[in-house]
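Residue-level structural notes
Spelled out, the chains give:
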Amino acid sequence: MVERSAEVSRKTKETEITVSLDVDGAGKSDISTGVGFFDHMLDQLSRHSLIDMTVRAKGDLHIDDHHTVEDTGIVIGQALAKALGERRGIMRYASIDLAMDETLTGAAVDVSGRPFLVWNVEFSSPKIGTFDTELVREFFQALSQHAGITLHVTNHYGANNHHIAETCFKAVARALRAATEPDPRQPDAIPSTKGSLKG
């Protein structure tokens, strides 16, 4: 399989973001977005997907975290799509139920080229520390749209909002890891009857 890495930069009046990633990494991350809780979640995404990831984001945090979180999702998604290329030789589908203490969250992914997010996650508080819990969905919406993946995330149960958010990132990470793994039975094939995973 060819090298699956990419770097993408995006600059707007609201944010300036650069992401480099390697799908076939070891889960090493170097994250700096200015949003502490979000940095922690992206560390989890990298570590449990085994995607090496460097993220540098500067945003209008004097307003709120929204633009920084959403736009980081856009750029990570674009970098992932670029790194995967034709998506040749991948497993394509994966799902997992991931437990963390009292919380259980499921993620299912189709690296299909067709972006879609189904989000069945509710938080009992609008904030985790200073972080808006609604931004967890915003991140995954941007990621799925720009990576070209179908993503379903369901929190089955949980009491602690930090745990709920963290299991979302960890479950998606593990599903992405499995779905983007090389398929030893068809290493050169695009896993689609259409012959394309470009949407």
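Note that the structure is predicted; figures quoted are calculated from it, not measured.

As for helix H4 (residues 161-180)
Here H4 contains 20 residues, and its C-alpha end-to-end distance of 29 Å stays within 8% of the 28 Å for a straight helix at 1.5 Å per residue. Across the 20 residues that make up H4, a large majority, 16, are buried. Between the side-chain oxygen of the N-cap and the backbone nitrogen of His162 there are 2.9 Å, and the N-cap of H4 in question is Asn160.

Some remarks on the pattern of salt bridges
Inspection of the entire model under this criterion finds eight salt bridges. Note that Lys127 is salt-bridged to Asp132, the shortest N-O span being 2.6 Å. Residue Asp132 is classed as buried on the basis of its relative accessible area of 17%. One network of salt bridges, with partners in common, ties together Arg92, Asp110 and Arg114.

Conventions and cut-offs
Each chain carries its own residue numbering, running from 1 in the written order of its sequence. Totals for whole chains, interfaces and linings use all residues, but because this is a predicted model, local features are given only for residues with pLDDT of at least 70 and pairs of side-chain atoms are given and counted only at 80 or more. To get the side-chain values, all heavy atoms of the structure are used, and hydrogens and water are removed first. A run of H or I in DSSP counts as a helix once it spans at least four residues, and a run of E counts as a strand once it spans at least two, with each numbered from the N terminus. A helix is expected to span 1.5 Å multiplied by its residue count minus one. Buried means the residue's accessible area, taken with a 1.4 Å probe over protein chains only, is under 20% of the maximum for its type, while exposed means over 50%, and partly exposed covers the values in between. N or O atoms closer than or at 3.5 Å make up a polar contact, with two conditions inside protein: a donor-capable atom paired with an acceptor-capable one, and, for residues adjacent in sequence, both atoms drawn from side chains. Any carboxyl oxygen of Asp or Glu that lies within 4 Å of a side-chain nitrogen of Lys or Arg is treated as forming a salt bridge with it.

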